[in-house]
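# Topology and contacts: notes
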Amino acid sequence: MAQPERDERLARAFLDLADTLTGGFYLIDFLHVLTDHVVNLLNVAAAGVVMIDAHGRLVDVTASTGSVHQLEQVQLDFDEGPCRDCCYQHESIGPMDLSGPAARERWPRFSQAARDAGFGTVAAVPLRLREESIGSLNLFHIHPDALDPASVRLGQALADAATIGILHQRLANDQAERVGQLQTALNSRIVIEQAKGYLVARLSISPEDAFARIRAHARAHQRSLTLLCEQVMQGSAGTELFAIPAAPRPDV
Amino acid sequence: MSTTASDLAALLAAASQSAQGLGALPPARCAAALALDGLTISLINHSGLELVWSDPADTPGIALDDLQYTLGEGPTLDAAHTGRPTIVPDLHAMPETRWPALLPALHDHPVRAVFALPLHLGVIRLGVLTGRRGTPGPLHRAQMTDALALAEAATVILLTPDGVHDIGSNDPLPLHRALIHQATGALSYRLGVSLTDALARLRAYAYTNDRPILDVAHDVIHHRLHLGSVFK
């Protein structure tokens, strides 16, 4: 690739990886963008990504080719491999010769599978911001000892950009979700008051008695209080909620 | 000014560490730190604004909010609708056409200056922080900076899980207009109209009879006001 074209692609890659807040965001699509740029810009044969979920489990495998996708899955299934180690150790792994004794000893099943898929070298860099790792990026080459340090460094730079993009997006998502929860909580409070008032008027009871009745009904029918109150106001609540309170039986 | 600013910083720090939502932020002390007479926060909801944060002793501030709710106009509502601060250094200097129903109603009110700042997250409008003062005059630059910082901090506190929780539970953030929503539900049954219409009639009655809307709502719920014919 000519230098000007490569520079332009590099700039494009960093822009793509930062641009997570406009339009729809799908993590899998975004990780494909990352692996595509990595393969285009670095001297590597293939790239894959493994993400860590909130509970520390490895999830969300993405890769530039089908065979690497399988290799990432192998790491999850056998709980061994450079991506897995990189996720848990929060630092880059390799490059390692896949037929060398170190790799064979450390990841017996993974290195066998990788060699079978035609790869000679592997490296992994973390998707990391300060202390937090959210996943790792695997780089594969077909020749042994073929991954040069410059490629690994650039891989780390792209992984850093992607991490910032993903964390921005997560933050924006969390906040949007909380705005929704706030609105829901407020609406819920209001509709409960409205339903109380409705029963007050319909049954000539006090607001406290109305609330007790609504709560008992919701509990007996295992329905959410808010949902029941919405049904009261829409006229679709069960009729027994409106049964006239029985007058106390006079003592004979 | 520097002492009040550090008061405010201490109040905000304490509230955000308490994990008790807005309930941990004392409105009267925040108002004092900003050299204002009162502060309220209302949240935007599809049926209007809900007053969720005020000092129970702040009668003029609560009355100002209720009046705006009844009349459907005022600086707090403007800030909610436009998403921009509405600064009124002197209510008496405003042309009556700006808020034709509210301004006459506020004439005998101990409120001269109102500062309404929107609470927002990006383009999402959440609510309004409203400050008031009994004397006319602008907000100084430092006061404005503090008021904006308070608005921002209140937004953050509201958006913590505890901020939501407090509104969902009954205690630290009681819904000031709960009784109005009860009365709306009651009227919708008695008059056989939608909730929107029931609320409109409640507001209209309060306005035409020159009574606080909460008093009217109380009478509706406690059967002292059989509104059938009055509202029709």
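Residues numbered from 1 in each chain as written. Chains lettered and ligands numbered in written order. Predicted model: local features only at pLDDT ≥ 70, side-chain atom pairs only at ≥ 80, totals over all residues. Heavy atoms only, no water.

Our focus in this paragraph is the overall build of chain A. Scanning chain A from terminus to terminus reveals nine helices and five strands. Order of helices (α) and strands (β) in chain A, N terminus to C terminus: α-α-β-β-α-α-β-α-α-β-β-α-α-α. The C-alpha atoms of chain A give a radius of gyration of 29 Å, which is well past the 18 Å a tight globule of 252 residues would have. Dimensions of chain A along its principal axes, counting C-alpha atoms only, are 100 × 40 × 30 Å. Buried positions account for 46% of the 252 residues belonging to chain A. (Helix = DSSP H or I, 4+ residues; strand = E, 2+ residues; numbered from the N terminus. Rg over C-alpha atoms; globule rule 2.2 N^0.38 Å. Buried < 20%, exposed > 50% of the residue type's maximum accessible area, 1.4 Å probe, protein only.)

The next thing to look at is the overall build of chain B. Helix and strand counts for chain B come out as 11 helices and five strands. Burial status across chain B gives 52% buried among its 232 residues. Restricting to contacts in chain B with at least 6 residues of sequence separation, those with at least 24 account for 60%. As displayed, chain B offers around 10100 Å² of accessible surface, 56% of which is attributable to carbon and sulfur atoms. (Contact = heavy atoms within 4.5 Å. Areas by Shrake-Rupley, 256 points an atom, 1.4 Å probe, with all protein chains shown as cover.)

Residue and element names in this part refer to chain B. By secondary structure assignment, the location of threonine 86 is in strand β3 (residues 86-88). A relative accessible area of 6% places threonine 86 in the buried class. Polar side-chain contacts of threonine 86 include one of 3.4 Å to the backbone nitrogen of alanine 79. Apart from the residues within four sequence positions on either side, threonine 86 is in contact with Pro75, Asp78, Ala79, Arg98, Trp99, Val114, Phe115 and Ala116. (Polar contact = N/O pair within 3.5 Å; in protein donor to acceptor, adjacent residues only side chain to side chain.)

The extent of an interface is frequently quoted as the accessible surface area lost upon association of the parts. Here the domain parsing of chain A yields domain 1 (3-174) and domain 2 (183-242). Here the C-alpha centre of domain 2 of chain A lies 53 Å away from the C-alpha centre of domain 1 of chain A. (Domains from an automatic or database assignment.)

Residues of chain B with pLDDT of at least 70 account for 88%, and the chain-wide mean is 87. Predicted confidence in chain B is weakest over helix α11 (residues 228-231) of chain B, with a mean pLDDT of 53, and strongest over β3 of chain B, with 96. (pLDDT = per-residue confidence, 0-100.)

Turning next to the domain arrangement of chain B. Residue and element names in this part refer to chain B. Per the domain assignment, the segments making up chain B are domain 1 (2-168) and domain 2 (178-231). Centre-to-centre separation of domain 1 and domain 2, based on C-alpha positions: 27 Å. Roughly 700 Å² is buried in total at the junction of domain 1 and domain 2, and carbon and sulfur atoms are behind 60% of that figure. Broken down residue by residue, the surface that domain 1 buries against domain 2 is led by Asp66, Tyr69 and Thr70, which jointly contribute 65%. Linking domain 1 with domain 2 are three residue pairs in polar contact (both at pLDDT 80 or more). Per-element tally for the side of domain 1 that touches domain 2: the top contributor is helix α3 (residues 59-71), with four residues. Residue classes in the side of domain 1 that touches domain 2 are distributed as three nonpolar, three polar and two charged. (Buried area = accessible area lost by both parts, 1.4 Å probe. Nonpolar A, V, L, I, M, F, W, Y, C, P; charged D, E, K, R; others polar.)

Turning our attention to the sheet that holds β3 of chain B. With antiparallel pairing, five strands are arranged side by side in an open sheet as β2-β1-β5-β4-β3 (chain B). Unpaired on one side and paired on the other, β2 (48-53) and β3 of chain B mark the two borders of the sheet. For this sheet, the mean inter-axis angle between neighbouring strands, taken without regard to orientation, is 25°. Bridging between strand β1 (residues 38-45) of chain B and β2 of chain B involves five bridges; their strand directions are antiparallel. Following the sheet pairing, asparagine 45 of chain B is matched in β2 of chain B by glycine 48 of chain B. Strands in contact with helix α7 (residues 149-203) of chain A are β1, β2, β4 (113-121) and β5 (124-133) of chain B; relative to β1 of chain B, the strand with the most contacts, it is inclined by about 95°. (Pairing = 2+ DSSP bridges. Axes fitted to C-alpha atoms, helices over the stretch in contact; angles between N-to-C directions.)

Let us look at the packing of α7 of chain A against helix α8 (residues 207-220) of chain A. Residues and elements named next belong to chain A. Their axes nearest at 8 Å, the elements α7 and α8 cross at an angle of 110°. By the angle between their axes, α7 is roughly perpendicular relative to α8. Seen from above, α7 lies across α8 with right-handed handedness. Taken together, the residues of α8 that come into contact with α7 (itself represented by Ile192, Ala195, Lys196, Leu199, Val200 and Leu203) are Pro207, Ala210, Phe211, Arg213 and Ile214. By residue class, the composition of the contact of α7 with α8 is nine nonpolar, no polar and two charged. (Parallel < 35°, antiparallel > 145°, perpendicular 65-115°, else oblique. Left-handed = near helix turned anticlockwise from the far one by under 90°.)

Bringing the side chain of glutamine 231 of chain A into the picture now. Residue and element names in this part refer to chain A. With respect to the element layout, glutamine 231 can be found in helix α9 (residues 225-234). With a relative accessible area of 19%, glutamine 231 lands in the buried category. Ignoring any residue separated from it by four or fewer positions in sequence, one finds glutamine 231 in contact with Arg223, Ser236 and Ala237.

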